[in-house]
Amino acid sequence: MNTGDTAFMLVATAMVMLMTPGLALFYGGMVRAKNVLATLMQSFLCLGIVSILWVAFGYSMAFGPDVGGFVGDLTWAGLKGVGTEVGPYSDTIPHLLFAAFQMMFAVITPALITGAFAERIKFTAYLAFTVLWTTLVYFPVCHWVWGGGWIGGHGGLDFAGGTVIHINSGAAALVAAIMIGKRKGWGREPFHPHNLGMTLLGAGILWFGWFGFNAGSALSAGKIATVAFFATQVASGAAALSWIAMEWLTQGKPTTLGAASGAIAGLVAITPGSGFVGPNSAIIIGLVAGALCYFAVLSKSKLGYDDALDVVGVHGVGGLWGALATGLFASTAVNPGGADGLFFGNPALLGIQAMDAFSTIIYSIVVTFVILKVIDVVIGLRVSRDEEIQGLDLTQHSETGYSL
Amino acid sequence: MKKIEAIIKPFKLDDVKEALNKIGIKGMTVSEVKGYGRQKGHKEIYRGAEYEVDFIPKTKIEIIIDAGQVDQVVETIREAANTDKIGDGKIFVLPIEEVVRVRTGEKGRDAI
């Protein structure tokens, strides 16, 4: 065991944990005041639900002994045999610490999806969805990429979870937004974000936590963590700038929400390539991400689905761009343990990245559809019309966010 | 007795209050209100979605005065709240039947 790496990973794990409350604030500020607590809750409670699933069987399904490249078996259920010795995923940190680090990734992924059905889902439906989706979609896809499954096995690169977390949650969000339907008054009533200061604070916390997410994915306090750390910062900054530049050009004003959204789009896009690309490539990835995600969000109203907080536009599209960009900009000069991308003489990687991304999208869409269909039949996805008008805070939790 | 209700631009409240203080008006009730008239609303943009906001924030002042002071008070408010731009507001004058001071039970002019 290496105490330096272990200390680094303990801190990185705590930083990734902080991203989920950060996400809660990021989302909470964007909804109307009557739904702020319910929205915060839908992210925050993933810290409870997913942590329990992770210990019970999730870690074993994601990282346990491989079954056909698709999922881990249940040998490590209840974290049986997962102790403080090093390995098998790292030679320098305790196995239990690796499990803790990965637990935080599992926590935030279903929380990301909650932005799609915000302001109208029943709390019970949210609970059921989080349990089923994490079990049937997240754990297998995580296994595909990092747990010895087929994507990691054929050379696909996903340093910190662009495919596992962002493409996966973005695809699920698209299905969820369509299946639960538009919020009452969509397209007629204005849906003003009720507290953009909260959203900006959330974006800042996410940004901070993302250093743990990306640099920590090196699993070691060294050169590769430094590469990922640096790429994370400049991609996010570049994307915040390019998002507001696009707004300025097309709509006349740069917005605070645009800066926050752009920063997150940049963080999403750099995630899969963060340990494989240099700073200049990271800036290009970020610049493209900010502009691309802005136009993706704009196209939502034309396509006619109500992805309330733009999970598809930011995480789906940003994640997809990031996966493909890794296939363009990855360089073995930066990380000898990675691969070269198209711009460094290896066109094959781009094809592998695209195939991995699309496989994940298709799997996530199909299974998410089935899960939501079952929940809709058994308990119903959506609150009643009256409850939606009154707001989820009061009707789902008997609380209000503000009493002024 | 009369009641003066004035809808003014929020940033003009201090000017109006001081001007009224100078002519001896020692009390008022103020509320934050929203509304629209000839001044158009404004546009807000959130992630590309543009919303027209019709109701603009204004401040409403309510003052109860003796009928003889009406012209002076109205003119004072008008001068203090004026910016020469659309949206400066309106002043209403209403009759008041009775005023009662809660603490003492005084009525009418004595209670103002």
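That block above? That's the structure.
Throughout, residues of each chain are indexed from 1 in the direction in which the sequence is written. Note on labels: chains are lettered from A, ligands numbered from 1, in written order. Per-residue local features of the predicted model are confined to residues with pLDDT of at least 70, and side-chain atom pairs are confined, for both listing and counting, to 80 or more; whole-chain, interface and lining totals are unaffected and use all residues.

## Observations concerning the packing of helix H5 (residues 123-146) of chain A against helix H7 (residues 162-180) of chain A
All names here are of chain A. Basically, it comes down to this: Comment: axis = line fitted to C-alpha atoms, over the contacting stretch for helices; angle = value between 0 and 180 degrees taken between N-to-C directions. Helix and strand definitions follow DSSP, with helices as H or I runs of at least four residues and strands as E runs of at least two, each counted in order from the N terminus. Each crossing is labelled by how the near helix is turned from the far one, with a counterclockwise turn of less than a right angle marking it left-handed and a clockwise turn marking it right-handed. Here the contact rule is simple: place C-beta atoms from the backbone, and any two residues whose C-beta atoms are within 7 Å are in contact. Note that Gly is not counted as nonpolar here; it falls among the polar residues with everything else outside the nonpolar set of Ala, Val, Leu, Ile, Met, Phe, Trp, Tyr, Cys and Pro and the charged set of Asp, Glu, Lys and Arg.
For the pair H5 and H7, the least separation of the axes is 10 Å and the interaxial angle reads 145 degrees. Between H5 and H7 the crossing geometry is right-handed. For the pair H5 and H7, the contacting residues are Trp133, Val137, Tyr138, Val141, Cys142, Val145 and Trp146 in the first and Thr163, Val164, Asn168 and Ala172 in the second. A breakdown of the residues in the contact of H5 with H7 according to their chemical character gives nine nonpolar, two polar and no charged.

## Considerations on the pairing of strand E2 (residues 29-35) of chain B
All names here are of chain B. Selection criterion: Using C-beta atoms placed from the backbone, we call a residue buried if 20 or more other C-beta atoms fall within 10 Å of its own, exposed if 12 or fewer do, and partly exposed for counts in between. For two strands to count as paired, DSSP must find a minimum of two bridges between them.
For E2, a buried count of zero out of seven residues is recorded, marking the element as mostly open to its surroundings. Bridge analysis of E2 against strand E5 (residues 56-65) gives seven bridges, and the strand direction is antiparallel. Pairing of Gly35 across the sheet is with Ile56, part of E5.

## What to know about helix H2 (residues 36-44) of chain A
Residues and elements named next belong to chain A. With eight of nine residues buried, H2 is to be regarded as a mostly interior element. Buried within H2 are the following residues: Val36, Leu37, Ala38, Thr39, Leu40, Met41, Gln42 and Ser43. Looking at the packing, one finds that the buried side of H2 touches helix H1 (3-28), helix H3 (46-63), helix H4 (95-113), H5 and helix H15 (392-397).

## Section: the interface of chain A and chain B
Taken residue by residue, the interface counts twelve residues in chain A and seven residues in chain B. For the side of chain A that touches chain B, the elements supplying multiple residues, two or more each, are helix H10 (256-270) and helix H11 (279-303) of chain A. Among the residues making up the side of chain A that touches chain B, the classes are represented as five nonpolar, five polar and two charged.

That's the geometry; what it means functionally is another story.
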